[in-house]
Number of protein chains: 2
Amino acid sequence: MTFELRPIGHVESALADLDDAPKQADEGAPDAWLVLDPALREAAADIAPGDELVVITWLHESDRDVLVVHPRSDPSRPPTGVFSTRSPARPNPLGLHTVRVLAVDGTRIHVDALEAVDGTPVVDLKPTLSSRR
Amino acid sequence: MTFELRPIGHVESALADLDDAPKQADEGAPDAWLVLDPALREAAADIAPGDELVVITWLHESDRDVLVVHPRSDPSRPPTGVFSTRSPARPNPLGLHTVRVLAVDGTRIHVDALEAVDGTPVVDLKPTLSSRR
């Protein structure tokens, strides 16, 4: 049994290459646009500047068959099971990113520091728990 | 273009019914077991009691065609776009849950307060950012 994930949009970013991507947003990721499917306008209609969102991406360039990785934060450490890491290599390469909304232009959402490369599919947006309505 | 999400396991919980599920874990959800696919043992091998994990579930009973909901926290409020809510009804019904690991028995992981019904598919596990390795 599998489930079908449908992109709701994609990331538009100056970050073109995974090797340039910082491991986490607080390490210097650029701002970016979330470009949503116009058919989902109503679902995004209440997103406003200042909102804190969890962006869930599909890290489409990841290797899904990797179960163990050397942590990027310290390659000298022993291999670690991927479920104890934030490595993009994992059975379902879902990325979790917390961002702040800077501006909204229809179904284009400008957000601060996002560590995902240009073209990365977006699959969900949620308010963070502390900001939920 | 769509992506294929493969369950890595499922939730085993005393919570049998969505109507009994609290909206958020801090509102009285029971502890539960994450029962992982034994083929993924290596990926989970470094999970230990005390770890704080983000569990990503697939809320398989959700309506994917809903774009606007009445917030459960206050049904008198006006309809709100689902991307500004944590409603399970949304285009890709991914659930995000932060839990603490209580015990590990092979690929069975006992966790505290989890607001997901028995049988809910699990699609990813990650350390929370504050606990990442």
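Before reading on, note that the structure itself is shown above.
As the structure is a prediction and not an experimental result, all values here were calculated from the model.

Draft legend 1. View of the overall build of chain A. Of the regular secondary structure elements, chain A holds 1 helix and 9 strands. In chain A, the order of α-helices and β-strands from amino to carboxyl end is β-β-β-α-β-β-β-β-β-β. Out of the 133 residues in chain A, the part that is buried amounts to 51%. Across chain A, the fraction of contacts at a sequence separation of at least 24, relative to all contacts at a separation of at least 6, is 73%. When the accessible surface of chain A is split by element, carbon and sulfur atoms take 49% of a total near 5,800 Å².

Draft legend 2. Focus on the interface of chain B and chain A. Contact residues are listed per partner, giving 51 residues for chain B and 51 residues for chain A. Taking both sides of the interface into account, the surface hidden between chain B and chain A amounts to around 5,000 Å²; carbon and sulfur atoms contribute 59%. There are 2 salt bridges connecting chain B and chain A. Measuring nitrogen to oxygen at the nearest pair gives 2.9 Å for the salt bridge that ties Asp-124 of chain B to Arg-90 of chain A. Residue assignment for the side of chain B that touches chain A shows that the elements contributing at least two residues are strand 1 (3–5), helix 1 (41–44), strand 4 (52–58), strand 6 (80–81), strand 7 (94–105) and strand 9 (121–127) of chain B. For the side of chain B that touches chain A, the leading source of residues is strand 9 of chain B, giving 6 residues. Partitioned by chemical class, the residues of the side of chain B that touches chain A number 29 nonpolar, 9 polar and 13 charged.

Draft legend 3. Quick peek at the environment of Pro-78 of chain B. Residue and element names in this part refer to chain B. Within the fold, Pro-78 resides in the loop between strand 5 (68–69) and strand 6. By relative accessible area, Pro-78 is classed as exposed at 52%. Considering only alpha carbons, one finds Pro-78 and Thr-57, 21 residues apart in sequence, at a separation of 28 Å.

Draft legend 4. Layout of the sheet that holds strand 8 (residues 108–111) of chain A. Residue and element names in this part refer to chain A. Strands sit in the order 2-3-8-7-4-9 around a closed barrel of 6 strands; the barrel is antiparallel. Taking each pair of neighbouring strands and ignoring which way they run, the sheet shows an average axis angle of 45 degrees. Relative to strand 8, strand 7 (residues 94–105) runs antiparallel, the two being bridged by 4 bridges. Considered in strand 8, the bridge of Val-104 is made with Ile-109.

Draft legend 5. Highlighting the sheet that holds strand 7 of chain B. All names here are of chain B. If you walk around this closed barrel you meet the 6 strands as 2-3-8-7-4-9, and the pairing is antiparallel. If you compare each strand with its neighbour and ignore which way they point, the axes differ by 45 degrees on average. The sheet contact formed by strand 4 and strand 9 spans 5 bridges and is antiparallel. Looking at strand 9, one finds that Ile-56 is bridged to Asp-124.

Calculation rules
Residues numbered from 1 in each chain as written. Chains lettered and ligands numbered in written order. Predicted model: local features only at pLDDT ≥ 70, side-chain atom pairs only at ≥ 80, totals over all residues. Heavy atoms only, no water. Helix = DSSP H or I, 4+ residues; strand = E, 2+ residues; numbered from the N terminus. Buried < 20%, exposed > 50% of the residue type's maximum accessible area, 1.4 Å probe, protein only. Contact = heavy atoms within 4.5 Å. Areas by Shrake-Rupley, 256 points an atom, 1.4 Å probe, with all protein chains shown as cover. Buried area = accessible area lost by both parts, 1.4 Å probe. Salt bridge = Lys/Arg side-chain N within 4 Å of Asp/Glu carboxyl O. Nonpolar A, V, L, I, M, F, W, Y, C, P; charged D, E, K, R; others polar. Pairing = 2+ DSSP bridges. Axes fitted to C-alpha atoms, helices over the stretch in contact; angles between N-to-C directions.

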